[in-house]
Amino acid sequence: MVGFVLVAIGRKSGVTPSHITNSFKCIFPLLEQNSPFVPRLQKCIKKFQRSLLNIEIRQTYHSIQQFRNIRRNLKESISAAVPPSIAENFFSYQDNFFDTNVASTTTVTKRKFERLLTTTAQHCNPKNIAVNRKAVHNATSKSLPPEAEIILSFGPKFALPYRSLNEIPFNHVIADLENVLESVTDKHDKERTRCTSVNVIQNFIHRFKDNEPNMQYRHLTHAYKVTERFIKTNSDIVIVESDKGKQTVVMYEKEYDTKMREMLADENTYLVTNRNPTTGYQQKNNNFVSRLRNLELIDAKTAFQLKTNTAQCPRIYGLPKVHKPNMPLRPVVSNIGAPTYMLSKYVGRILQSSINSNYNIRDSFSFCTFINSVCLPENHILVSFDVISLFTCIPRDMIPGIIIERWEEIKKHTQINLDLFLEIVNFCLECSYFSYRGNYYKQIFGTAMGSPLSPIIADLVMESLLDNVVSRLNFPIPLIKKYVDDLVLALPPDKVVEVMNVFNSFNENIQFTYEMEENGRLPFLDMVLVRQQDQTIRTEWYSKPMSSGRLLDFLSAHPLHLKMNTVNNFMRRVREFTTNLSNEAADNTIDVILKLNHYPAPLRHRLLNRGIARRTNTPPSDETQVVYKSMLFVNDLTQRLSKSLKAALPNVVLAARYEKTTKRLYTNTKDVIPPEMRNNVIYRIPCNDCAASYVGLTTTQLKKRISGHRSTINQLEELVISNSDSPTTKFEIERLREKTALLQHSIDEQHRFNLEKTQILDQHRRQTALPILEVPHIFTT
């Protein structure tokens, strides 16, 4: 039943089952002949296939109806022949058995149908790929090759398939697999699952062919190489993402650097420092954590998470604002790995839990539901207020006062006293520093965009501001909602300037701009608020003029279900946010965006006709503890591994991550972390006297590990120089031999290693993956 329902859906999409299409092999010789009748013949075949499919569908529905009648008659006969209790148990058992088989058959059939749908949809001409020109902003005088425009328009998340086995990082696949197997508690189950996974990988290697699955990917791979060559040839340009609108910006590196330096030259906001303060801040952070632990305000696990010994200096980069004149840059400070990153997150969670706002908008869906139920008073219009650069304009001296005002609510979520809490918050805010092009800067005003504490501090400031403004106005505001620094209000037209003046008087550094509705329409978030004549409000889905309309492109090498989830979420947003227009108008908008992202017409029509696919998977019960793991995605391999792991690990949810994406083409405008400052790496040290090399791993910074090697080598040299045959010296040498293979080689062969030529071979963000990654590098060195 399920199979032919899908076949009926596929009929609308132009998808024909293979058992019908493969029945016309006798026609192939005619199609190969160059004659004017070939188009007519193809049309005749297509029509006959469709007619045959229609008959097969009708015949199947007829058979289903007959089986239903037989089943009903049998059920009546059994009910009359046996006691009711026995009949009820029998029917219950049969129904459960039937439901189980239907669910299994449905899963298999849907998988086959989606595979057939993908194959059918990818028959378009690869050389006719339409370029989304709004997705690429070329701010240089250089003309981009057509291939580069195509690749850059896809965005940084576009994935390409692996063309050869040498491209596939099997080391990382195995490391991710071992990380997943850690969730298996039973030793025998773990070994059995490991053996099954090894067989899957071996079979994949034997089946793999060094070519692309279709012409499209060959063309895209060629375009990727052309783009890569263009970027290498033009070393004076940078490829970056835009601040808004999902655009790829091509600009001169000199222009980017000039704008960054002009921004950092503001002495009221940034201060140049002479040295890297990371070590000092790291020590202070660990001291605060130790105080919290000694006072028993946090447990040992939390203290371990908040401490750090591998902190990195935060790095700043700029995102071009392509929608503004002269394309200024928005500064973003990458704080991941910073000394106070985890402590800031911890404090931020406490502050976030204490906010119980009457103004906050949780998300666009809840706001859409709310605003469509609002009826404004007469002579009121809609107005939006926006803060000019909120994060960098928040005076730090007002933050302690706001925390003190709200302490009664904050202390419900922490055992830390007020004085110590303020001390920690001030420390986290003072640690706003970063590096740019080898220079170190400290942000002395405002909060850094990129710090996990900044959004919560901004939310507290906006809450205090709104409470202050509302109390100072001599008339009520019937509607006032905020999302971060964006506000929407309902005001009398003659009160707009007065209200804005009150807002701007709260603090001289926090200034607002406003936008009034035009013809009853006001853009807010990702919808347009439309005020009706009866003062009710309706909405329409909205994208800003600079928006590129870019989604996950259909040509990307992501699995089909991920693309479908992306489309379903997009369709849901458009349809639920559009209450002022007809369904046809919303579907037209959806169709335009999907076409822009190369979703083929049959698939678009199918999606629009069937509506939004709802999830059929039942959520896990409260007793089931779901474990989330990530795995590198390799087409066909990852799906088969997931299937084999699902039987042994039903509570593990796998999330795919992608390495071969167009993100590699984008310029890393952040300062490069020096090799000696990196941690969680596999490294190689060559021997000076032979071709051997030492391969090791370290979870600390590489320079500390090399310093340890240097120290033990110096000890060995001192023992050798002493030329003593005493038992103590021999014992010390033997003790050094057991420490590392590097010392063992140095003692046995009397060779020395060149620590200055240490190379990083691999790295991984997860420490448990390093021992697994180390093994293949040892065998191949």
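Residues numbered from 1 in each chain as written. Predicted model: local features only at pLDDT ≥ 70, side-chain atom pairs only at ≥ 80, totals over all residues. Heavy atoms only, no water.

Asker: Got a minute to help me understand the environment of Arg 275 in this structure?
Answerer: Here Arg 275 shows up in the loop between strand 4 (270-273) and helix 11 (278-294). Note on Arg 275: relative accessible area 59%, which makes it exposed. Between the alpha carbons of Arg 275 and Tyr 440 there is a distance of 6.7 Å; along the sequence they are 165 residues apart. (Helix = DSSP H or I, 4+ residues; strand = E, 2+ residues; numbered from the N terminus. Buried < 20%, exposed > 50% of the residue type's maximum accessible area, 1.4 Å probe, protein only.)

Asker: Teacher, can you tell me more about helix 27 (residues 770-779) here?
Answerer: Working note: α-helix, 3.6 residues per turn, so residues spaced by three or four point in the same direction. Here helix 27 has its buried residues at Leu 770, Leu 773, Glu 774 and His 777. Angular distribution of buried residues about the axis of helix 27 spans 105°; they occupy a single face of the element. Turning to helix 27, the residues buried within the fold contact helix 7 (170-181), strand 18 (681-686), strand 19 (693-698) and strand 20 (759-763). (Arc of directions from axis to C-beta. Contact = heavy atoms within 4.5 Å.)

Asker: Help me understand the pattern of salt bridges in this model?
Answerer: Oppositely charged side chains can form a pair if their charged atoms are brought close together. With the rule as written, the count across this model stands at 37 salt bridges. Asp 467 serves as the salt-bridge partner of Arg 406, at 3.4 Å between the closest nitrogen and oxygen. Of this pair, Arg 406 sits in the loop between helix 15 (399-405) and helix 16 (407-410) while Asp 467 sits in helix 18 (residues 454-472); the two residues are 61 residues apart in sequence, bridging distant segments of the chain. What makes Arg 406 partly exposed here is its relative accessible area of 23%. Note on Asp 467: relative accessible area 36%, which makes it partly exposed. Taking the shortest distance from any N to any O, the salt bridge between Asp 636 and Arg 640 comes out at 3.0 Å. (Salt bridge = Lys/Arg side-chain N within 4 Å of Asp/Glu carboxyl O.)

Asker: What's the story with the sheet that holds strand 18 in this structure? I'm lost.
Answerer: The strand order 19-18-20 describes an open sheet built from three strands, whose pairing is antiparallel. Looking at which strands have only one partner, the edges of the open sheet turn out to be strand 19 and strand 20. Geometrically, the sheet is characterised by an average inter-axis angle of 25° between neighbouring strands, direction not taken into account. Bridging between strand 18 and strand 19 involves six bridges; their strand directions are antiparallel. Bridged to Tyr 683 within strand 19 is Gly 696. Along the sheet, helix 27 contacts strand 18, strand 19 and strand 20; its crossing angle with strand 19, the most-contacted strand, is approximately 170°. (Pairing = 2+ DSSP bridges. Axes fitted to C-alpha atoms, helices over the stretch in contact; angles between N-to-C directions.)

Asker: Can you help me understand helix 19 (residues 496-504) in this one?
Answerer: Those residues of helix 19 not exposed but buried are Val 496, Val 499, Met 500, Val 502, Phe 503 and Asn 504. On the buried face of helix 19, the contacting elements are strand 7 (381-387), helix 18, strand 11 (486-491) and strand 12 (512-516).

Asker: I'm lost on the packing of aromatic side chains in this one. Help?
Answerer: To describe a pair of aromatic rings, one takes the distance between the centres and the angle between the planes. Here the structure, examined in full by the defined rule, presents 20 aromatic pairs. Where Tyr 281 meets Phe 427, the ring centres are 6.3 Å apart and the plane angle is 65°; that geometry is what we call edge-to-face. You can see Tyr 281 sitting in helix 11 and its partner Phe 427 sitting in helix 17 (residues 418-430), a full 146 residues away along the chain. Look at Tyr 281 and you get buried, because its relative accessible area is 11%. Residue Phe 427 is classed as buried on the basis of its relative accessible area of 6%. With a centroid separation of 5.1 Å and an interplanar angle of 35°, the aromatic rings of Phe 288 and Phe 427 are classed as tilted. (Phe/Tyr/Trp six-rings, centres within 6.5 Å; stacked < 30°, edge-to-face > 60°.)

Asker: Before we go on, may I ask you to explain the packing of helix 21 (residues 583-596) against helix 22 (residues 601-610) in this structure?
Answerer: Closest axis-to-axis distance for the helix 21/helix 22 pair is 10 Å, and the angle between their directions is 150°. Classified by the angle their axes make, helix 21 and helix 22 are roughly antiparallel. In this structure, helix 21 meets helix 22 at a crossing whose hand is right-handed. Every residue of helix 22 that contacts helix 21 at Asp 587, Ile 590, Asp 591, Leu 594 and Lys 595 is listed here: Arg 604, Leu 607 and Leu 608. Among the residues making up the contact of helix 21 with helix 22, the classes are represented as four nonpolar, no polar and four charged. (Parallel < 35°, antiparallel > 145°, perpendicular 65-115°, else oblique. Left-handed = near helix turned anticlockwise from the far one by under 90°. Nonpolar A, V, L, I, M, F, W, Y, C, P; charged D, E, K, R; others polar.)

Asker: Could you clarify how one ought to interpret a nonpolar patch on the surface in this entry?
Answerer: Side chains of Phe 67, Ile 70 and Leu 74 sit close together on the surface and give an oily, nonpolar patch of about 330 Å² of accessible area. With respect to the helices and strands, Ile 70 occurs in helix 4 (residues 38-81). (Patch = residues over 30% accessible without salt bridge, like charges linked within 9 Å, V, L, I, M, F, W, Y side chains within 5 Å. Areas by Shrake-Rupley, 256 points an atom, 1.4 Å probe, with all protein chains shown as cover.)

Asker: Would you mind showing me how to read the sheet that holds strand 13 (residues 521-524) here?
Answerer: Strands belonging to one sheet form pairs held by backbone hydrogen bonds; the direction of such a pair is parallel or antiparallel. Here we have three strands laid out as an open sheet, ordered 13-14-15, and antiparallel in their pairing. Only two strands of the sheet have a single neighbouring strand rather than two, namely strand 13 and strand 15 (537-541). Shown here is a sheet whose adjacent strand axes are inclined to one another by a mean of 30°, direction ignored. One ladder, built from four bridges, connects strand 13 with strand 14 (residues 527-531); its direction is antiparallel. The residue of strand 14 that forms the bridge with Phe 524 is Met 527. Each of strand 14 and strand 15 is contacted by helix 20 (residues 560-577), which is oriented at about 150° to strand 15, the strand it contacts most.

Asker: What is the right way to look at the environment of Pro 686 in this model?
Answerer: Its location among the elements puts Pro 686 in strand 18. Pro 686 gets classed as buried once you look at its relative accessible area, which sits at 14%. Along the primary structure Pro 686 and Phe 753 are separated by 67 residues, whereas in three dimensions their C-alpha atoms are 5.9 Å apart.

Asker: Quick question: what am I supposed to make of the confidence of the model for the chain here?
Answerer: The predicted structure's coordinates, where accompanied by low pLDDT, should not be read in detail. Of all residues in the chain, 89% have pLDDT values of 70 or greater, and the mean over the chain is 86. Confidence scores differ between elements of the chain, with helix 1 (residues 2-12) showing the lowest mean pLDDT of 48 and strand 3 (residues 248-252) the highest of 96. The low-confidence segment residues 613-622 (pLDDT under 50) makes two contacts with residues lying over four places distant or belonging to another chain. (pLDDT = per-residue confidence, 0-100.)

Asker: Would you explain the nonpolar core in this entry?
Answerer: Nonpolar side chains in soluble globular proteins tend to be buried together. Counting 65 residues, the largest nonpolar core has Leu 351, Phe 385, Phe 421, Leu 491, Phe 503 and Phe 512 as its most contacted members. The element that contributes the greatest number of residues to this core is helix 18, accounting for nine residues. Not counting chain neighbours up to four residues away, the residues in contact with Phe 512 comprise Phe 385, Asp 386, Val 387, Met 462, Leu 465, Leu 487, Met 500, Phe 503 and Asn 504. Core analysis: the second largest hydrophobic core is formed by 34 residues, Phe 365, Leu 551, Leu 560 and Tyr 599 among them. (Core = buried A, V, L, I, M, F, W, Y, C linked by side-chain atoms within 4.5 Å.)

Asker: I keep staring at the state of the cysteines and nothing clicks. Help me out?
Answerer: A covalent bond between the sulfur atoms of two cysteines is referred to as a disulfide. Tallied over the entire structure, the rule returns zero disulfides. Cys 431 takes part in no disulfide bond, and the closest cysteine sulfur, belonging to Cys 428, lies 6.7 Å away. What makes Cys 431 buried here is its relative accessible area of 6%. (Disulfide = S-S within 2.5 Å.)

Asker: Help me understand the side chain of Glu 540 in this model?
Answerer: For Glu 540, the location among the structural elements is in strand 15. For Glu 540, a relative accessible area of 9% corresponds to the buried category. In terms of polar contacts, Glu 540 uses its side chain to reach the side chain of Arg 521, at 2.9 Å. Engagement of the side chain of Glu 540 in a polar contact is seen with the side chain of Asn 580, the distance being 2.8 Å. Setting aside anything within four residues of it in sequence, one finds Glu 540 in contact with Arg 521, Asp 526, Met 527, Val 528, Val 530, Phe 577, Thr 578, Asn 580 and Leu 581. (Polar contact = N/O pair within 3.5 Å; in protein donor to acceptor, adjacent residues only side chain to side chain.)

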